[in-house]
Amino acid sequence: MAVKKGDMVRAVREKLENSLEAKASDARFPSYLFETKGEIVDIKGDYALIKFGKVPTPNIWLRVDQLEEFK
């Protein structure tokens with residue numbers, strides 16, 4: 001998926017679970033990553049900074065291949 005700043009996305013559970021990122025920290029991901037829309041605010045290489053605005057949460061860096069368009 002080609003992404004750009006301002007795109008609305010969500011995380012893909014199957015791609016995020018058991019990833020390097022999941023093994024590096026707490027693997028219990030909050031449901032809002034998969035159920036609510038987040039906005040891409042920055043992109044660096046293979047990673048995108050996602051802001052989930054409906055809930056008071058910090059921004060999170062995820063690999064672009066772990067994202068899908070929010071429909």
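Criteria and cut-off values
- Counting from 1, residues in each chain are numbered in the order their sequence is written.
- The predicted nature of this model means local features are confined to residues of pLDDT at least 70 and side-chain atom pairs, given and counted, to a pLDDT of 80 or more, with totals for whole chains, interfaces and linings taken over all residues.
- Side-chain numbers come from the whole structure's heavy atoms, not from hydrogens or water.
- We call two strands paired when DSSP finds no fewer than two bridges between them.
- Numbering goes from the N terminus for both helices and strands, where a helix is a DSSP run of H or I of at least four residues and a strand is a run of E of at least two.
- Axis definition: a line fit to C-alpha positions, over the contact stretch in the case of helices; interaxial angles, taken between N-to-C directions, run 0 to 180 degrees.
- The set of buried Ala, Val, Leu, Ile, Met, Phe, Trp, Tyr and Cys residues whose side-chain atoms join them within 4.5 Å is what this entry labels a nonpolar core.
- Burial here depends on accessible area, computed with a 1.4 Å probe over protein chains only, as a share of the maximum for the residue type. Under 20% is buried, over 50% is exposed, and the range in between is partly exposed.
- Here a residue-residue contact requires only that any non-hydrogen atoms of the pair lie within 4.5 Å.
- Should a side-chain nitrogen of Lys or Arg be within 4 Å of a carboxyl oxygen of Asp or Glu, the pair is scored as a salt bridge.

You'll find the chain entered in an unreviewed UniProt entry as NAD(P)H-quinone oxidoreductase subunit O, with Nostoc cf. edaphicum LEGE 07299 given as the organism.

Caption draft 1: Representation of the sheet that holds strand β2 (residues 38-44) in the model. Ordered by their spatial adjacency, five strands build an open sheet running β4-β3-β2-β1-β5, and the pairing between neighbours is antiparallel. Each having just a single partner strand, β4 (60-63) and β5 (67-69) make up the two edges of the open sheet. Neighbour-to-neighbour, the strand axes of this sheet turn through a mean angle of 50°, independent of strand direction. Of the strand pairs in this sheet, strand β1 (residues 8-11) and β2 are connected by two bridges, and their pairing is antiparallel. Counterpart to M8 in the pairing with β2 is E39.

Caption draft 2: Expanded view of the nonpolar core. Counting 16 residues, the largest nonpolar core has L16, L33, I40, I50 and L67 as its most contacted members. Elements with a contribution of two residues or more to this core: β1, α3 (32-35) and β3 (47-51). Of the residues forming this core, the biggest block, three residues, is contributed by α3. For I40, the contacting residues outside a window of four places in its chain are V3, K4, K5, G6, D7, V9, A48, L49, I50 and L67.

Caption draft 3: Representation of the pattern of salt bridges within the structure. As enumerated under the stated definition, the model contains six salt bridges in all. When the shortest N-O distance is used, the salt bridge between E68 and R10 registers 2.9 Å. Residue E68 is found in strand β5, and its partner R10 is found in strand β1; the two are separated by 58 residues along the sequence. Here E68 falls in the partly exposed class, since its relative accessible area comes to 30%. Owing to a relative accessible area of 23%, R10 belongs among the partly exposed residues under this scheme. Taking the shortest distance from any N to any O, the salt bridge between D65 and R63 comes out at 2.9 Å.

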